[in-house]
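As a plain string of letters, each chain reads:
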Amino acid sequence: MTCYRNHQTLFGLCLLLFLFTSPLLATENQTDQECFESRDGMSQVRVREISPGLVNVKCSSTTGGVLWWGDPFAGTIPMGDMDIEADYSNEEAVVKPREPELDKNKMLTICSMACHDGNYVPIPHSKTPRPLKMHLDTVPDAMNLKHGKGNIWCLDCHHLVERTKLIDNFGYSISFNQPQKLCGKCHGQVYRAWRDGLHGKRIGMWDKGGKKRWWVCTECHNPHDVEQKERNSGFAQLRPEPAPNLPKGMVNANHERMHHGSHPDETGHE
Amino acid sequence: MRFLQFVVDYLKAGFTGGLLFWAWMLFLLFFIMLWGYGEYVQIANGMIVTNLNDQVSWGFYLANFVFMVGVAAAAVTVVFPAYVYKHKELHRIVVLGEMIAIAAVVMCLLFVIAHMGRPDRLWHLLPVIGIFNFPHAMLTWDVIVLNGYLLLNIIGGYYYLYKKYSGGEINKSFYLPVVYIAIVWALSIHTVTAFLINTMPARPMWFHSMMPIKFITTAFAAGPSLIIVVFLLVRRFTPMKIADEAFHLLSQIVVWCLGIALFLTMSEIVTELYPATEHSLGLQYLMFGHNGLNSLVPFFWTALSLMVGSFILLLIPRIRKNLTLLPFICIAAFIGIWVEKGMGLMLPGVIPTPVGEFAEYTPSHIELMVVGGIWAIGFFLLTFMLKGAVAVLQGEVRYRTESSKQAVSEQQAEAAT
Amino acid sequence: MPKQDSSKTKDNKLTSRRDFLRSAGNYTVASLSGAAMLLSDPKPAKANVTWEEHFQKNYRLMTDEEKQQAIERLETRYSEEYGKQVTVDGTPSIEGVLFGYALNIQKCIGCRRCVKACVAENNQSRGDEQQIEWIRVLRMEKGKFSETDRDQHGYPESFGVQVGGNAYKPAGVVLEGQHYYEPEQVPEKDAFYFPMQCMQCEKPPCVKVCPVRTTYRDPDGIVVIDYNWCIGCRMCIGACPYWARRFNWGEPNLPKEEMNPVTHYLGNRPRMKGVVEKCSFCVQRTRKGRWTACVEVCPVGARKFGNLLDPNSEIRKVLAKKKVFRLRADLNTYPKFFYYMD
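Residues numbered from 1 in each chain as written. Chains lettered and ligands numbered in written order. Predicted model: local features only at pLDDT ≥ 70, side-chain atom pairs only at ≥ 80, totals over all residues.

### Some remarks on the overall build of chain B
Working step 1: Within chain B, the secondary structure is distributed over 15 helices and zero strands.
Working step 2: Taken along its principal axes, the extent of the C-alpha atoms in chain B is 80 × 55 × 45 Å.
Working step 3: Within chain B, the proportion of its 417 residues that are buried is 51%.
Working step 4: Within chain B, residue pairs in contact and separated by at least 24 positions form 81% of the contacts whose partners lie at least 6 positions apart. (Helix = DSSP H or I, 4+ residues; strand = E, 2+ residues; numbered from the N terminus. Buried ≥ 20, exposed ≤ 12 C-beta atoms within 10 Å, placed from the backbone. Contact = placed C-beta atoms within 7 Å.)

### Let's talk about the overall build of chain C
Working step 1: Check the secondary structure of chain C and you find 10 helices and 12 strands.
Working step 2: In chain C, which comprises 342 residues, the proportion classed as buried is 50%.
Working step 3: Look at the contacts in chain C between residues 6 or more apart in sequence, and 66% of them connect residues 24 or more apart.

### Focus: the packing of helix H9 (residues 244-273) of chain B against helix H13 (residues 326-350) of chain B
Residue and element names in this part refer to chain B.
Working step 1: It is the contact of H9 with H13, at a shortest axis distance of 12 Å, that shows an interaxial angle of 30°. For the pair H9 and H13, the crossing hand works out as left-handed. Along its contact with H9, which presents Phe247, Ser251, Val254 and Leu258, the element H13 presents Leu326, Cys330 and Ala333.
Working step 2: Split by residue class, the contact of H9 with H13 holds six nonpolar, one polar and no charged. (Axes fitted to C-alpha atoms, helices over the stretch in contact; angles between N-to-C directions. Left-handed = near helix turned anticlockwise from the far one by under 90°. Nonpolar A, V, L, I, M, F, W, Y, C, P; charged D, E, K, R; others polar.)

### A short note on the pairing of strand S2 (residues 99-104) of chain C
Residue and element names in this part refer to chain C.
Working step 1: Burial within S2 is extensive, with six of its six residues counted as buried.
Working step 2: Neither face of S2 is open: one carries Phe99, Tyr101 and Leu103, the other Gly100, Ala102 and Asn104, and all of them are buried.
Working step 3: Here S2 runs beside strand S10 (residues 303-307); their pairing, made up of five bridges, is antiparallel. Bridge pairing in S10 places Ala102 opposite Lys304.
Working step 4: Across four bridges, the pairing between S2 and strand S12 (residues 337-341) is parallel. Looking at the pairing, Tyr101 lines up with Phe337 of S12. (Pairing = 2+ DSSP bridges.)

### Let's talk about the sheet that holds S12(C)
Residues and elements named next belong to chain C.
Working step 1: Taking strand neighbours across the sheet as the criterion, the four strands line up as S10-S2-S12-S11 in an open arrangement whose pairing is mixed. Of all strands in the sheet, those with a lone pairing partner are S10 and strand S11 (323-325), marking the two edges. Strand-to-strand, the axes of this sheet are offset by a mean angle of 30°, without reference to chain direction.
Working step 2: Strands S2, S10, S11 and S12 of the sheet are contacted by helix H10 (residues 314-321), whose axis makes an angle of about 110° with S10.

### Quick word on the pairing of strand S3 (residues 136-141) of chain C
Residue and element names in this part refer to chain C.
Working step 1: Of all six residues that make up S3, five are buried, and the element is covered over most of its length.
Working step 2: Bridge count between S3 and strand S4 (residues 191-196): six bridges; the pairing is antiparallel. What sits directly across from Arg139, in S4, is Tyr193.

### Concerning the packing of helix H3 (residues 60-73) of chain B against H13(B)
Residues and elements named next belong to chain B.
Working step 1: Where H3 meets H13, the axes come as close as 8 Å, and the angle between the chain directions of the two elements is 140°. The angle between H3 and H13 places the two elements in the oblique class. You can see that H3 and H13 cross each other, and the crossing is right-handed. Counted together, Phe60, Leu62, Ala63, Asn64, Val66, Phe67 and Gly70 of H3 and Trp338, Lys341, Gly342, Met343, Leu345 and Met346 of H13 form the full contact between these two elements.
Working step 2: Looking at the contact of H3 with H13 residue by residue, the classes come out as nine nonpolar, three polar and one charged. (Parallel < 35°, antiparallel > 145°, perpendicular 65-115°, else oblique.)

### Notes on the interface of chain A and chain C
Working step 1: In this complex, chain A contributes 49 residues to the contact, which on the side of chain C involves 51 residues.
Working step 2: Of the residues forming the side of chain A that touches chain C, the biggest block, three residues, is contributed by strand S6 (residues 66-69) of chain A.
Working step 3: Looking at the side of chain A that touches chain C residue by residue, the classes come out as 20 nonpolar, 17 polar and 12 charged.

### Section: the sheet that holds strand S8 (residues 93-95) of chain A
All names here are of chain A.
Working step 1: Read across the sheet, four strands follow the order S7-S8-S12-S11 without closing on themselves; strand pairing throughout is mixed. Edge strands, defined here as strands with exactly one partner in the open sheet, are strand S7 (77-78) and strand S11 (202-204).
Working step 2: Pairing of S11 with strand S12 (residues 212-214), which is carried by three bridges, proceeds in the antiparallel orientation. In the strand pairing of S12, Ile203 is matched with Arg213.

### So, the interface of chain C and chain B
Working step 1: Across the boundary between the two partners, chain C contributes 46 residues, which contact 39 residues of chain B.
Working step 2: Counting residues per element, the ones that place at least two in the side of chain C that touches chain B are helix H2 (32-39), S3, helix H6 (205-209), helix H7 (235-239) and strand S7 (246-247) of chain C.

### Details of the nonpolar core
Working step 1: By size, the foremost hydrophobic cluster in this structure holds 253 residues, and its most contacted members are B:Ala72, B:Cys108 and B:Ala333.
Working step 2: In terms of residues, this core owes the most to one element, helix H5 (residues 88-115) of chain B, which gives 18 residues.
Working step 3: Each of two domains, domain 1 (2-69) and domain 2 (77-231) of chain A, supplies a minimum of three residues to this core. (Core = buried A, V, L, I, M, F, W, Y, C linked by C-beta atoms within 7 Å. Domains from an automatic or database assignment.)

### Digging into the environment of C:Cys206
All names here are of chain C.
Working step 1: Structurally, the position occupied by Cys206 is in helix H6.
Working step 2: Among the residues examined, Cys206 registers 27 C-beta atoms within 10 Å and is labelled buried.
Working step 3: The spatial distance from the C-alpha of Cys206 to the C-alpha of Glu176 is 25 Å, given a sequence separation of 30 residues.

### Quick look at the confidence of the model for chain C
All names here are of chain C.
Working step 1: When pLDDT is averaged along chain C, the result is 85, and 79% of the positions lie at 70 or above.
Working step 2: Looking over chain C, one finds the lowest element-wise mean pLDDT in helix H1 (residues 3-24), namely 41, and the highest in strand S9 (residues 276-277), namely 98.
Working step 3: pLDDT under 50 marks residues 1-45. Its contacts with residues more than four places away, or in other chains, come to 41 contacts. (pLDDT = per-residue confidence, 0-100.)

### Brief notes about helix H4 (residues 76-83) of chain B
Working step 1: Extensive coverage of H4(B) is indicated by the burial of seven of its eight residues.
Working step 2: Looking at H4(B), one finds that the buried residues are B:Val76, B:Thr77, B:Val78, B:Val79, B:Phe80, B:Pro81 and B:Ala82.

### With respect to unusual backbone geometry
All names here are of chain B.
Working step 1: Here Phe134 and Pro135 are connected by a cis peptide whose omega angle stands at 5°.
Working step 2: You can see Pro135 is positioned in the loop between H5 and helix H6 (138-166).
Working step 3: Of note, the bond from Ile351 into Pro352 is cis; its omega dihedral lies within 30 degrees of zero at 0°.
Working step 4: Residue position: Pro352 is located in the loop between H13 and helix H14 (365-393).
Working step 5: Phi is positive for Ala276, close to 50°, though the residue is something other than glycine.
Working step 6: Here Ala276 lies in the loop between H9 and helix H10 (281-288).
Working step 7: At Asn291, a position not held by glycine, the phi torsion is positive, near 45°.
Working step 8: Locating Asn291 in the fold gives a position in the loop between H10 and helix H11 (297-315).
Working step 9: Take Asn291: there are 19 C-beta atoms within 10 Å of it, and that puts it in the partly exposed class.

Here it is in structure tokens:
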């Protein structure tokens, strides 16, 4: 389903390809198909059978988005310490580890060990942001750091010497699997809402004491360009699932695209 | 024994007739077969063979149902003057009105069954073995009043005919209460049918308290129109004598009720369209269409013209009393009300949907077959019942003991030689 | 599949269930009234509906034993029909739970994934001939008011009625929503989205009008339907102000491989033609503690669900902390489906 990554230029081509291959795609949920959970391209999951007749996820045949979790906790790890509200502190909280997703080609690990040890590449003294062309392979948004509108730079979030980690206010490292600890540094209100279960998403058991898989910040937001350029929205645009079938006897839905009032001749309001 | 004889004789009389009669019955039978086929296809495949859908889930069947309930109720326009105002001419033919009511209620029940997704589960409604959600569900009220009305008319009509047949005295302390209850009951069937649909705020087109009275006035215009036509046919094709006076009274009822109905229609239109809120979208769709969806528009204006036209014509006494012209005006009024009160009421009630979706609907072939067939069943029943009733009323068919029968046959034999 | 709890209760049931089936044998007699339907059915592999199923009582009035028998009948039939082990659950309401739902219309991006997730979970009919979706997402205009865009000749309008030049510019009006929007990408700049489904009213008009009480409110607040008792009169469809109910016009089309075998009697078990269905808050999941399919799938976390009686539940937190409204509050239906904004 790589077709649906945000390569605008390839979109038309992909659409063509999609049209040709859609009859094949319609037989959905073949195992080993790759889908995305929330962020297309950054929250991938492969369809596999977890028990006879039961798949871990069912995916949309038209958009490649995950539609249904056969096992909401497949591939998760304990979330680790978090000051959850007292009443729910005995709940089992798990997360999908972000590290395997972010470090698919292992470059992050290699770079961290080989170069960014604090000696080979010294810790920069200047905090002035500058383009980092050589990191485009590991960080596709390296040239496009919009987060903070120029007021923060890489090492405000990334650890100085451990590139596989993030950094907290005291200089201690934070795992990529727990970005909420980093984001919560500035976005305290959102962090509180997230802890309450109001912001963001959880799946699994709704009931008190039930096991929950928590979505962490970077599963939905792109930390380097949270607001999606000029869109001023934290969530990237997606291709929607197809519209419902028209009611029997209707050939199109043109009538609902006209503006209010019965003036079919005056459609040029746009 | 005597009663069995009555049934046999009545059936015989009902199915005796000339070439025209049999041609008419065969013609109806053809449509009844179509009904059978349509119902079979619908039961076998589900209601997907209709053009109903989730947007327009009430359509042609219920439109006809609502209309026919009115026709059934309208039998009261014959019964009421006959018994309350002691109208002599109508009193003689009151039974014929009851026959029309019986046929109409049977049609209503068939329309409801056609509308149901699971007619095989009808027994779920029966008290004791099923659940009858009374008094909460308005539909249960409708079940009671419709079946009750059917029963009252069968009892009232056939008790009277049976007594005529067997030559007994009518027991007034039994018969009159039945008649008076039936008069009130007639109003109740149409009132409850109006309540069935006007108690749903989800459907603003229907959600107004004028609905019951509008139902009754349109019913008392359409019903007597049909009764006038039927009675004229009876007068023409049977020896039954129906005085002109009876028609004059009925046509007066038609014109007044039609006038009130038109007044109510106008009130509704002004009330809805003056502020033109979103609650009036259904009515606007009916009258003017919506963004190019305007399949109902010609029907509405045709129906309105028919109603207004026949009202104006009937206002003129010379035309109203002209019994050659009257049936045609009555047919025009009948069709006008059938469209306006049937599909013209049902569809804008469900279009747009409560969440504002517009979808156009035209009945499918199966729906047309079923509805046409039910009308044919109605006319078939009516023809048979009227023929039998006329024969009884005229005294052609009456109870005879074995000896008297013999005497009659001897007489006939003599006459033949 | 809430595995921890469901599997434990299921295993010990299975053995007794099989014994029962063996003793009952293949006692399948088509009922008189249903005979025509069954005989005319074109699908050959279809498992027969048993005589007992045709003449069973309304689910609400069954004894526990009768419920168990009804469930077993269905499990056999469905398993045969769909070629896999299908379970039908009969879990009643949980004590002390009243389900509530909240949807953040500020967050919703209109991607319709909830619609499709619901279909995957709840075994609705699919395909061109009969497509049933319990959730409908409306696209609302945000409204554009600009100097250049003014409809000057609309003032005054025909008949001399005074109408402002922008009177016909819709902005977020429910009845002007678009149902069939299909842009390349959502959310669009000039629109927001409004998903609707069954509101699980506390005073449900659909329940009131049902002549056979086949639809009723269970103690946990879910308005459920016994599909085997529904007579298909569609009064409930007429009475619902939220257009939440759907009808099986024909025999539902549910491909075997797409069928979700974990079902509840009052929820997502396969339906038959001629009956009404609607959202049941995924009763097969929620009574086992699992979130509904639409809550889980929403990629932006706009959907919140929980126990209204628990002050610490996320639904109660939404009610406490956000600006909340109910749809068509004027109708006094008291929905337990809330809309909110941050």
